[in-house]
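Descriptive analysis of the structure
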Amino acid sequence: AGGSLRQAGFTRCLAVGSLAASSFYLGISEGDNLMGVLQSDVRTSEWLEHSGFRMVADMECWDLSLESFRPPVDRQQIAIRRTCSISRILEESHPSWWISAVLGHCDQSRFHLISHGPERAEMEILYWYPDATIRGVDSYTARLRLPKIGSDETQRERLICLIAESARQLQQERKRSIRVVTTQDDAPMHLLLHRLGFRMVRNGRAMELASDQVVGAGPSAAG
């Protein structure tokens, strides 16, 4: 396989899906290919390792039940709600052609956190879920794409407010849960997810074919 990939001009081969590097369409079936290879899928992991793949990241899938969700309320959250507002973008497609293509089979919802006076959009999150008319897929789970926040506590609190308000709106639309995938070492994001009531439900491994197995002159690509 490595020789065929080199001849095709590929320089990387990933056993993982993501919004940046994915096969069309992302989210068919349960969409958990964002996690790479599930930890429970020992057979596939062993086959990939035997074929020259190596692990590049531990992944975690987190789930929030909307049936019992209640937004966190404290002084910080109250202060943010006084100085910011949450708006939903009504455009049907994402401005990035790549994301629009990868999520072309899904309904997309984007939310902005906007600071007052002067108004400016500070933060955006994206949800996607298959259309309810597509048979065999779960349209009641909204999958969430999160921005990077690092260790900035103020940014974390604002993102908590943004997710909480968007979750409340999804609740009203009868979505049952929100699902998000993170890397295992993203401690700031884990603190945020715990605060909102997410729970970690499964693990996976992002894997990449070793560089000496796929070496070519063409542009980098994911497979």
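Above: the structure in question.
To keep things clear, this report deals only with the structure shown in the data block. Here the structure is a predicted model, which is why all the values come from computation and not from measurement.

Take the nonpolar core next. Of all hydrophobic cores here, the largest spans 31 residues; its most connected members are I125, Y127, L146, L159, I163, I178 and L192. Put simply, the parts of the chain that give this core at least two residues each are strand 3 (53-65), strand 5 (106-115), strand 6 (120-130), strand 7 (141-145), helix 5 (153-172), strand 8 (177-183) and helix 6 (187-196). Among the elements that line this core, the one with the most residues is helix 5, at eight residues.

Turning our eyes to something else, we now look at the environment of L196. Within the secondary structure, L196 sits in helix 6. Residue classification places L196 among the buried residues on the basis of a relative accessible area of 4%. Once the C-alpha coordinates of L196 and C161 are considered, the two residues, 35 residues apart in sequence, prove to be 9.4 Å apart. Each residue touching L196, except ones within four places of it in the same chain, is listed here: L64, F69, P72, I160, I163 and A164.

This paragraph deals with the pattern of salt bridges. On inspection of all chains with the given rule, the structure shows nine salt bridges. In this structure, D63 engages R179 in a salt bridge whose closest nitrogen and oxygen atoms are separated by 3.5 Å. Of this pair, D63 sits in strand 3 while R179 is found in strand 8, placing the two residues 116 residues apart along the sequence. Accessibility classification places D63 together with R179 in one group, the buried group. With a closest N to O distance of 2.4 Å, D74 and R195 form a salt bridge. Taken together, the positions of D74 in the loop between strand 3 and helix 3 (75-83) and R195 in helix 6 put the pair 121 residues apart, joining distant regions of the chain. The class of D74 is partly exposed, set by a relative accessible area of 27%.

Let's shift gears to the packing of aromatic side chains. Under the counting rule described, the total for this entry stands at one aromatic pair. Judged by centre distance (5.8 Å) and plane angle (90°), the ring pair of F111 and Y127 falls under edge-to-face. You can see F111 sitting in strand 5 and its partner Y127 sitting in strand 6, a full 16 residues away along the chain. Across the pair, Y127 and F111 agree in class, each one buried. Over the face of the ring belonging to Y129 we find K175, whose NZ or CZ atom lies 3.8 Å from the ring centre. Across the ring face of Y140, the terminal group of R176 is positioned such that the distance to the ring centre comes to 4.2 Å.

Further remarks concern helix 5. Compared with the 28 Å implied by 1.5 Å per residue over 20 residues, the 29 Å span of helix 5 between its first and last C-alpha is a close match. Most of helix 5 is tucked away: 14 of the 20 residues are buried. Two to three positions downstream of the cap, the backbone nitrogen of T154 sits 2.9 Å from a side-chain oxygen, assigning the N-cap of helix 5 to D152. Downstream of helix 5 by one or two residues, R174 has phi in the positive range, about 70°.

Listed in full, the buried residues belonging to helix 6 are M189, H190, L192, L193 and L196. Considered in projection along helix 6, the buried side chains sweep an arc of 160° and stay on one side of the axis. When the buried face of helix 6 is taken as reference, the exposed residues oriented beyond 90 degrees from it are L191 and H194. For helix 6, the elements touching its buried residues are strand 3, helix 5 and strand 8. Phi for G197, located one or two positions after helix 6, is positive at around 100°.

In this section: the pairing of strand 9 (residues 199-209). As paired elements, strand 1 (residues 14-15) and strand 9 share two bridges and run antiparallel to each other. Among the inter-strand pairings, A15 is bridged to a residue of strand 9, identified as M207. Note that strand 2 (residues 37-38) and strand 9 share two bridges and pair antiparallel. Bridging across to strand 9, V37 finds its partner in R205.

Definitions and limits used
Within each chain, residue numbers correspond to sequence positions counted from 1 in written order. In keeping with the model being predicted, local features are shown solely for residues with a pLDDT of at least 70 and side-chain atom pairs are shown and tallied solely at 80 or more, while totals for entire chains, interfaces and linings include all residues. Where side-chain values are given, they derive from all heavy atoms of the structure, hydrogens and water being excluded. Nonpolar core, defined: a set of buried Ala, Val, Leu, Ile, Met, Phe, Trp, Tyr and Cys residues in which side-chain atoms within 4.5 Å join the residues together. The rule is simple: take the accessible area with a 1.4 Å probe, protein chains only, and divide by the maximum for that residue type; under 20% is buried, over 50% is exposed, in between is partly exposed. Under the scheme used here, helices are H or I runs from DSSP no shorter than 4 residues and strands are E runs no shorter than 2 residues, and both carry numbers assigned from the N terminus. Residues count as neighbours in contact if any of their non-hydrogen atoms are within 4.5 Å of one another. We count a salt bridge whenever a side-chain nitrogen from Lys or Arg sits within 4 Å of a carboxyl oxygen from Asp or Glu. Each Phe, Tyr or Trp ring, with Trp reduced to its six-membered ring, pairs with another whose centre is within 6.5 Å; inter-plane angles below 30 degrees give stacked pairs, above 60 give edge-to-face pairs, and intermediate values give tilted ones. Cation placement over rings: the criterion is NZ of Lys or CZ of Arg within 6 Å of the ring centroid and within 35° of the ring normal. Take the residue count of a helix, subtract one, and multiply by 1.5 Å to get its expected span. Here a polar contact is recorded for every N or O atom pair within 3.5 Å, except that within protein the pair must consist of a potential hydrogen donor and a potential acceptor, and residues adjacent in sequence are included only if both atoms are side-chain atoms. Throughout, the arc means that of the directions going from the helix axis to the C-beta atoms. Note on pairing: two strands pair once DSSP finds at least 2 bridges between them.

What is shown is where atoms sit, not what they do.
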